[in-house]
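What follows is each chain in one-letter form.
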Amino acid sequence: MIVQAKQLPDFNELLLTLKSQFSNYAVYTSNSIPQKSIIVRKSATVGAQITLRGNEIIVDACCPNIFISGLLGLISTIFPPYHHFEMKMTGFLKKRYSGLIH
């Protein structure tokens, strides 16, 4: 999902906001290439990857465990827990940063 933000937060500000809002989840940076991302991990198999790009906040469902991710592959994106968690993150970011979902 893509959230169009009127004003993008600073990467560190977004990280702190997510840590505060989702304190019961693991929230950490991922030094992915070409851009850093934030991972919000609900469990070993359900998470969301958040990336700032241009004037967009990109939210993708992900499996935070690399081994399990390799096993699940593309199937993970069609399971309801992944989609629901991605929507939860997108909904929060939309409200927080007054963007529109495309």
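Residues numbered from 1 in each chain as written. Predicted model: local features only at pLDDT ≥ 70, side-chain atom pairs only at ≥ 80, totals over all residues. Heavy atoms only, no water.

Enquirer: What should I look at first to understand the packing of aromatic side chains in this one?
Expert: Centre distance and the angle of the planes are the two values used to describe a pair of aromatic rings. This model, assessed by the stated rule, comprises 3 aromatic pairs. Seen in terms of ring centroids, Phe 22 and Tyr 25 are 6.0 Å apart; in terms of plane orientation they differ by 15°. Their pairing is stacked. By relative accessible area, which is 6% here, Phe 22 ends up buried. Consider the rings of Phe 22 and Phe 92, whose centres lie 5.2 Å apart with planes at 85°: the pair is edge-to-face. Of the two residues, Phe 22 sits in the loop between helix H1 (11-21) and strand S2 (26-30) while Phe 92 sits in helix H3 (residues 80-97), which places them 70 residues apart along the sequence. Here Phe 92 falls in the buried class, since its relative accessible area comes to 14%. Chaining the aromatic ring pairs together yields one cluster made of Phe 22, Tyr 25, Phe 85 and Phe 92. (Phe/Tyr/Trp six-rings, centres within 6.5 Å; stacked < 30°, edge-to-face > 60°. Buried < 20%, exposed > 50% of the residue type's maximum accessible area, 1.4 Å probe, protein only. Helix = DSSP H or I, 4+ residues; strand = E, 2+ residues; numbered from the N terminus.)

Enquirer: Hey, could you run me through the pairing of S2 in this one?
Expert: Across a regular strand the side chains alternate sides, sitting on one face of the sheet and then on the other. Pairing geometry for S2 and strand S3 (residues 37-41), over 5 bridges, is antiparallel. Paired with Val 27 across the two strands is Val 40, which belongs to S3. In this antiparallel pair of consecutive strands, S2 and S3, the connection spans 6 residues. (Pairing = 2+ DSSP bridges.)

Enquirer: Honestly, the nonpolar core in this entry has me stumped. Any pointers?
Expert: Most often, soluble globular proteins keep nonpolar side chains buried together rather than apart. If you look at the biggest cluster of nonpolar residues, it comprises 22 residues, and the most contacted ones within it are Leu 18, Ile 38, Val 40, Ile 50, Ile 57 and Leu 93. Of all the secondary structure elements, the ones that give two or more residues to this core are H1, S3, strand S4 (47-53), strand S5 (56-62) and H3. Dropping the residues within four chain positions of it, Leu 18 is found in contact with Val 27, Ile 38, Val 40, Ile 50, Phe 92 and Leu 93. (Core = buried A, V, L, I, M, F, W, Y, C linked by side-chain atoms within 4.5 Å. Contact = heavy atoms within 4.5 Å.)

Enquirer: Please explain the pairing of S5 as it appears in this structure.
Expert: With 5 of its 7 residues buried, S5 lies for the most part within the structure. Across 3 bridges, strand S1 (residues 2-4) lies against S5 in antiparallel orientation. In the strand pairing of S5, Ile 2 is matched with Ile 58. In this structure, S4 lies alongside S5, joined through 7 bridges in antiparallel fashion. The residue of S5 that forms the bridge with Leu 52 is Ile 57. The antiparallel hairpin formed by S4 and S5 contains 2 residues in its connecting segment, where Gly 54 sits at a positive phi of about 60°.

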